[in-house]
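Below, each chain spelled out in residue letters.
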Amino acid sequence: MILSIESSCDDSSIAITSINDAKLLYHKKISQEIEHSNYGGVVPELAARLHALALPKILEETKKFFNDLKAVAVTNEPGLSVALVEGVVMAKALAIALNLPIIPINHLKGHIYSLFIEQIEEKFPILTLLVSGGHTQLLYVKSYDEVEVLATTLDDSFGESFDKLAKMLNLGYPGGPIVEEFARSGDEYAYNFTVPLANSPVSAFSYSGLKNQVRLAVEKSSVKKEDVCASFQRVAVEHLLQKIKKILKKSNSFERFAIVGGASANLYLRKKIDELCSEFNLTLHVAPLEFCSDNAAMIGRCALRAYELKRFTELDKIKINPKINF
Ligand code: KG4
Ligand code: ZN
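Residues numbered from 1 in each chain as written. Chains lettered and ligands numbered in written order. Predicted model: local features only at pLDDT ≥ 70, side-chain atom pairs only at ≥ 80, totals over all residues. Heavy atoms only, no water.

> Before we go on, may I ask you to explain the packing of helix α2 (residues 44-60) against helix α3 (residues 81-98) in this structure?
Think of two packed helices as two axes; the pair is described by the angle between the axes and how far apart they sit. As a packed pair, α2 and α3 sit with axes 7 Å apart at the nearest point and diverge in direction by 30°. Here α3 runs roughly parallel to α2, going by the angle between their axes. Between α2 and α3 lies a crossing whose hand is right-handed. Contact residues: Pro-44, Glu-45, Ala-48, His-51, Ala-52, Leu-55, Pro-56 and Leu-59 in α2; Val-82, Ala-83, Glu-86, Gly-87, Met-90 and Leu-94 in α3. Partitioning the contact of α2 with α3 into residue classes produces ten nonpolar, two polar and two charged. (Axes fitted to C-alpha atoms, helices over the stretch in contact; angles between N-to-C directions. Helix = DSSP H or I, 4+ residues; strand = E, 2+ residues; numbered from the N terminus. Parallel < 35°, antiparallel > 145°, perpendicular 65-115°, else oblique. Left-handed = near helix turned anticlockwise from the far one by under 90°. Contact = heavy atoms within 4.5 Å. Nonpolar A, V, L, I, M, F, W, Y, C, P; charged D, E, K, R; others polar.)

> Is there a simple way to explain the layout of surface pockets in this structure?
Sizing a probe to match a water molecule and rolling it over the atoms shows the empty space that remains. Estimated volume of the largest pocket: approximately 1300 Å³. Contributing to the lining of the largest pocket are 45 residues, with Ser-132, Gly-133, Gly-134, Asp-163 and Tyr-173 lying nearest its centre. Looking at the lining of the largest pocket, the elements that each hand over two or more residues are β3 (24-31), α4 (107-113), α5 (158-168) and α6 (175-184). Ranked by residues supplied to the lining of the largest pocket, first place goes to α5 with seven residues. Class assignment for the residues of the lining of the largest pocket results in 17 nonpolar, 17 polar and eleven charged. (1 Å grid on protein atoms, 1.4 Å probe; cavity = no way out; pocket = protein on both sides within 12 Å on 5 of 7 lines; lining within 4 Å. Points joined across faces, edges and corners; volume = space filled by probe spheres on them.)

> How should I be thinking about the site of ligand 1 in this particular structure?
Neighbouring ligand 1 are 20 residues, the closest being Gly-133, Asp-163, Glu-180, Gly-262 and Asn-266. A distance of 3.2 Å separates an oxygen atom of ligand 1 from a polar side-chain atom of His-107. At 3.0 Å, a side-chain N or O of Asn-266 approaches a nitrogen atom of ligand 1. Isolated, ligand 1 exposes 550 Å² of accessible area, and the fraction of that covered by the protein chains is 88%. The pocket occupied by ligand 1, as judged from atoms lying within 2 Å of grid points, is the largest pocket. Looking at the shell around ligand 1, the elements that each hand over two or more residues are α4, α5 and α6. (Near = heavy atom within 4 Å. Polar contact = N/O pair within 3.5 Å; in protein donor to acceptor, adjacent residues only side chain to side chain. Areas by Shrake-Rupley, 256 points an atom, 1.4 Å probe, with all protein chains shown as cover. Sits in = over half its atoms within 2 Å of the grid points.)

Shown next as structure tokens:
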């Protein structure tokens, strides 16, 4: 079995994954959403302090697996450095105490592997849209080691723009699920926001301009929050679709498409991507809703592959990279 730890942002999570059959034998996550909601976003110092309280509590419940462990995996990049440190320090202590190898895992790769939790087989190559609080990237994933970035954001990320809109409208944190809920009963054509980079040939995403358009609308007059959310969501998703379509039209070598990351739980986005996949004859892969946002089960599934590849790191060589991408 592999014990995996995730603490890159505001979720403290530990999982135990069986090496032979990829079964998830244990998984727990303690989210800090309520604590951060007072501030309208994640406060790094508070996140670190809460990880230091939550992780040992969860670890206590995994003691019965200790004798069967073959490795400890931990998210070491990217994320909030003070939050990453909490998981890495725990992983090191466990590795010393139980005499186990340690496997550092890239959080973004973890999101990709959320597609294969409890599955033995990996389905590569796969064109993957990663939409989270920190990232918006279109990736062509050919294998564990071969990830090609086809498009990335120039400024804010998709999930972050939902969080910022929620903050503007005083709706709470995290904004994604709340904005989606408000959008459900709103008129998506009430506001005619323009789609970012619509006439630009660049393969990139941008959300700061849309955020400013929304801010102007919100500041100008009293607004119906549902209509703002619905109009914003329509345009935010349309921007993704336009850029993905452009790439799909250039090549017909893709067969599979996936959406991963916290914002891949958005059902409006899932529906629109599903329609796009039908149009381009692609098979759509998504993770179960419970594994879209940060969790240690995806880190554990990714670690199974890393274990096979013997990607162990010496204790004093494990690096914390807050900013690294693919
Ligand atoms: O992957 P994740 O849990 O953490 C990061 O690695 O960033 O993603 C969290 C992000 C937040 O910005 C949150 O607002 C967004 O995902 N999110 C959503 C939805 N659920 C979560 N965004 C849009 N619609 C949702 N339903
Ligand atoms: Zn994440």
